[in-house]
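The residues making up each chain are set out below.
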Amino acid sequence: MKFRADRAEFADAATWALRTVGARATLPALSGVRLEVTGDRLVLSSTDLEIASELSIPVSAEQEGVALVPGRLLGDVVRSLPPAGVTAEADADRLRLVCGRARFDLRLMPAEDFPPLPAPSESASTAVMKAEEFIRTVAQVARAASADDARPVLTGVSLEATSGSLTAAATDSYRLAVRTVPWEQGTEMTALVPRRAMVEAQRAADTLGSEVRIVLEATQVTFLFSDRRLTTRLIEGKFPDFRQLLPGSHDRNLDVDRAELLEVVKRVAVVGGENTSSVTPVTLHLSADTVRVTAGSGEVGQAEESLPGVLEGEDLQIAFNPRYLTDGLDVSLTERVRLEFRDELKPAVIRPITAEADSADATGATATADFLYLLMPVRL
């Protein structure tokens with residue numbers, strides 16, 4: 001194998017492939033990045049058996065071939081390359097890289113040990129999303145997924161596709177995020193995708209822009225970009241019926257500036273930080289035109305701050321885990337948000353507010369229907 005590549009393209013491709021290298025792989029070959037020169041393209045592949053990635057870049061090829069390079073070593077090398085073209089040549093057990101005056105001689109791994117990567121079926125239906133919609137969906141929903149592997153079904157993002165829309169949902173049993181978006185050239189399917197795979201696909205979409213093609217199949221989902229492919233196994237098990245968790249009605253609405261409430265909660269929550277053995281809740285004291293936020297105790301310290309807000313309904317005092325509350329405010333993204341409550345023990349719902357006029361709302365503000373963030377209160 002012998003080729004010449006642009007330094008920036010080669011380094012970017014190697015860095016992206018390294019994100020799905022098996023960090024603690026029991027099979028040594030999973031810790032490597034597979035390089036294959038075919039025609040005038042260099043294909044880089046990696047997998048940890050949960051997520052597999054593949055991408056190609058143009059090269060000036062002199063000899064086709066395959067090489068399996070230790071991933072960590074390749075990453076260290078590409079980060080240190082000088083600004084010059086890269087020439088690579090591989091024989092049976094060595095890869096020689098030349099970049100400017102720098103020369104690297106890397107010992108290869110047995111390429112035949114690298115497992116075949118999953119690929120989408122040619123007959124599978126492919127749906128298309130605009131990159132910005134996909135990025136926003138993952139950003140708003142994936143954060144609510146659980147990090148506890150004891151309940152695998154909660155570590156993923158549920159995708160429910162119909163012919164015209166895609167609903168993404170995630171929950172860790174303490175909060176729930178749901179977003180529904182238009183689904184171009186859609187297919188009807190449900191899938192439970194690992195959160196990590198969704199985030200990796202989001203990063204690719206953010207880098208490459210344009211559109212994301214999504215292939216949902218019975219056991220895997222593939223995200224296709226211009227020159228990149230990311231395939232992941234689906235999580236086995238049934239995702240909770242999250243629609244049963246959504247309140248059918250609410251007795252109180254609070255309209256408030258999102259960024260201001262977010263900053264106030266962060267400031268007040270400082271007194272319940274590292275000095276305590278457990279998370280100290282923040283309490284919202286809601287009245288007709290004021291939101292007073294308090295936290296802490298006499299033993300550690302106390303804090304409070306007020307900000308304006310418009311409450312419809314009776315006064316309320318309700319407490320939340322500050323991280324869950326700030327996460328919900330952070331991903332809502334609009335200038336103002338609406339918080340919906342029933343009482344101090346029932347789940348609250350955060351919805352972004354758009355500036356579109358609503359004849360039923362004298363303020364001209366209306367809660368958007370495509371995203372909501374539900375969180376459980378803390379019993380005081």
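Residues numbered from 1 in each chain as written. Predicted model: local features only at pLDDT ≥ 70, side-chain atom pairs only at ≥ 80, totals over all residues. Heavy atoms only, no water.

Draft legend 1. Local environment of the layout of surface pockets. Of the volumes computed, that of the largest pocket is approximately 380 Å³. Residues belonging to the lining of the largest pocket are distributed by class as follows: five nonpolar, two polar and eight charged. Of the pockets and cavities examined, the second largest pocket occupies roughly 220 Å³. Lining the second largest pocket are 13 residues, with Ser 158, Glu 160, Thr 190, Lys 238 and Phe 239 sitting closest to its centre. Of all the secondary structure elements, the ones that give two or more residues to the lining of the second largest pocket are strand 11 (156–161) and strand 14 (189–194). (1 Å grid on protein atoms, 1.4 Å probe; cavity = no way out; pocket = protein on both sides within 12 Å on 5 of 7 lines; lining within 4 Å. Points joined across faces, edges and corners; volume = space filled by probe spheres on them. Nonpolar A, V, L, I, M, F, W, Y, C, P; charged D, E, K, R; others polar. Helix = DSSP H or I, 4+ residues; strand = E, 2+ residues; numbered from the N terminus.)

Draft legend 2. View of the side chain of Thr 167. With respect to the element layout, Thr 167 can be found in strand 12 (residues 165–171). Overall, the relative accessible area of 9% leaves Thr 167 in the buried class. Separated by 3.0 Å, the side chains of Thr 167 and Thr 180 make a polar contact. For Thr 167, the residues in contact, after removing those within four places along its chain, are Ser 158, Leu 159, Glu 160, Val 178, Arg 179, Thr 180, Phe 242 and Arg 243. (Buried < 20%, exposed > 50% of the residue type's maximum accessible area, 1.4 Å probe, protein only. Polar contact = N/O pair within 3.5 Å; in protein donor to acceptor, adjacent residues only side chain to side chain. Contact = heavy atoms within 4.5 Å.)

Draft legend 3. Structural view of the nonpolar core. Ranked by size, the top nonpolar core spans 101 residues in total, and within it Phe 10, Leu 95, Phe 134, Phe 223 and Val 293 carry the most contacts. In terms of residue count, the dominant contributor to this core is helix 1 (residues 7–18) (seven residues). Here Phe 134 is in contact with Met 129, Met 198, Ala 201, Gln 202, Ala 205, Val 212, Ile 214 and Phe 223, once residues within four sequence places are set aside. The next biggest cluster of nonpolar side chains, apart from the first, holds 12 residues, and it includes Val 153, Val 178, Ile 235 and Phe 239. (Core = buried A, V, L, I, M, F, W, Y, C linked by side-chain atoms within 4.5 Å.)

Draft legend 4. Focus on helix 2 (residues 71–79). Gly 71, Leu 74, Gly 75, Val 77 and Val 78 are the residues of helix 2 that are buried. The buried residues of helix 2 all sit within an arc of 165° when viewed along its axis, so they share a single face. For helix 2, exposure combined with an orientation more than 90 degrees from the buried face picks out Arg 72 and Arg 79. Residues of helix 2 that are buried in the fold lie against helix 1, strand 2 (32–38), strand 6 (65–70), strand 8 (94–99) and strand 9 (102–107). (Arc of directions from axis to C-beta.)

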